[in-house]
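Each chain is listed here by its residues.
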Amino acid sequence: MTTYGDDATIRRILTTAGDTWAVVGLSDNPERAAYRVAEKLRRIGKKVVPVHPKAETVHGEQGYASLAEIPFAVDVVDVFVNSALAGAIADRAVAIGAKAVWFQLGVVDEAAYARTRDAGLLMVMDRSPGREIPRLGLA
């Protein structure tokens, strides 16, 4: 099994990359993984910005239909979409000046991983911060 992100990179994203996380695919459905991961991120002090076509308010935070619509700086883009769509989102994360991109479990695009890292961003793929936070003792 290929690992896309070592513990040092994961820890840096979770602790020093910044506190504003755009969660792409986050809706107000508590049954979805994105909703639960967003809760964990909030518990460790992250501001979670929902990015979803419906632009729903989730966890009290205003949602936006796209990364380009967010009117403030985003540090980390956390991606909960189909792998076929993830590469374009990673490219937008680079374009908006994010410091890191995180592709969730099952979201894999090796070309996007390489492009994002080549652009100087921290990148983790096919992992979940919901699992990594407790594993690394961050919560």
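Structural notes, computed from the coordinates. (Residues numbered from 1 in each chain as written. Predicted model: local features only at pLDDT ≥ 70, side-chain atom pairs only at ≥ 80, totals over all residues. Heavy atoms only, no water.)

1. Observations concerning the overall build of the chain
Assigned secondary structure in the chain consists of 5 helices and 5 strands. Mapped from its N terminus to its C terminus, the chain presents α and β elements in the order α-β-α-β-β-α-β-α-β-α. Per-residue burial over the chain gives 50% buried out of 139 residues. Taken as a whole, the chain presents about 6,600 Å² of accessible surface, with 48% of it coming from carbon and sulfur. With 17 positive and 17 negative side-chain charges, the chain shows a separation of 4 Å between the mean positions of the two kinds. (Helix = DSSP H or I, 4+ residues; strand = E, 2+ residues; numbered from the N terminus. Buried < 20%, exposed > 50% of the residue type's maximum accessible area, 1.4 Å probe, protein only. Areas by Shrake-Rupley, 256 points an atom, 1.4 Å probe, with all protein chains shown as cover. Lys, Arg positive; Asp, Glu negative; His and termini not counted. Charge placed at Lys NZ, Arg CZ, Asp CG, Glu CD.)

2. Notes on the side chain of D78
In this fold, D78 is placed in strand β3 (residues 76–79). Discounting residues that sit within four places of it in the chain, D78 has contacts with W21, A22, V23, V24, V37, L41, W102, Q104 and P129. (Contact = heavy atoms within 4.5 Å.)

3. Here's the deal with the nonpolar core
Within the largest apolar cluster, 25 residues are counted, with the highest numbers of intra-cluster contacts made by L67, I70, V77, V79, V101 and F103. Among the elements of the structure, β1 (20–24), β2 (47–51), β3, α3 (83–95), β4 (100–103) and α4 (110–118) are those that each provide at least two residues to this core. Here this core gets 4 residues from one element, more than from any other, and that element is α3. Once residues lying within four places of it in the same chain are set aside, the contact partners of F103 are V79, A86, G87, A90, D109, A112, M123, V124, M125, D126 and R127. Among the nonpolar cores identified, the runner-up in size contains 22 residues, and I13, W21, V48 and L136 belong to it. (Core = buried A, V, L, I, M, F, W, Y, C linked by side-chain atoms within 4.5 Å.)

4. Section: unusual backbone geometry
The residue H59 is not glycine, and still its phi comes out positive at about 55°. You will see that D126, though not glycine, has its phi angle at about 60°, which is positive. Within the secondary structure, D126 is located in the loop between β5 (122–124) and α5 (129–135). According to the relative accessible area criterion, D126 is partly exposed, its value standing at 22%.

5. Observations regarding the environment of I44
Relative to the helices and strands, I44 resides in the loop between α2 (33–43) and β2. Taking relative accessible area as the criterion, I44 reaches 22% and is therefore assigned partly exposed. The sequence separation of I44 and A139 amounts to 95 residues, and the corresponding C-alpha distance is 6.5 Å. Excluding its chain neighbours within four sequence positions, the residues that come into contact with I44 are L14, I133, L138 and A139.

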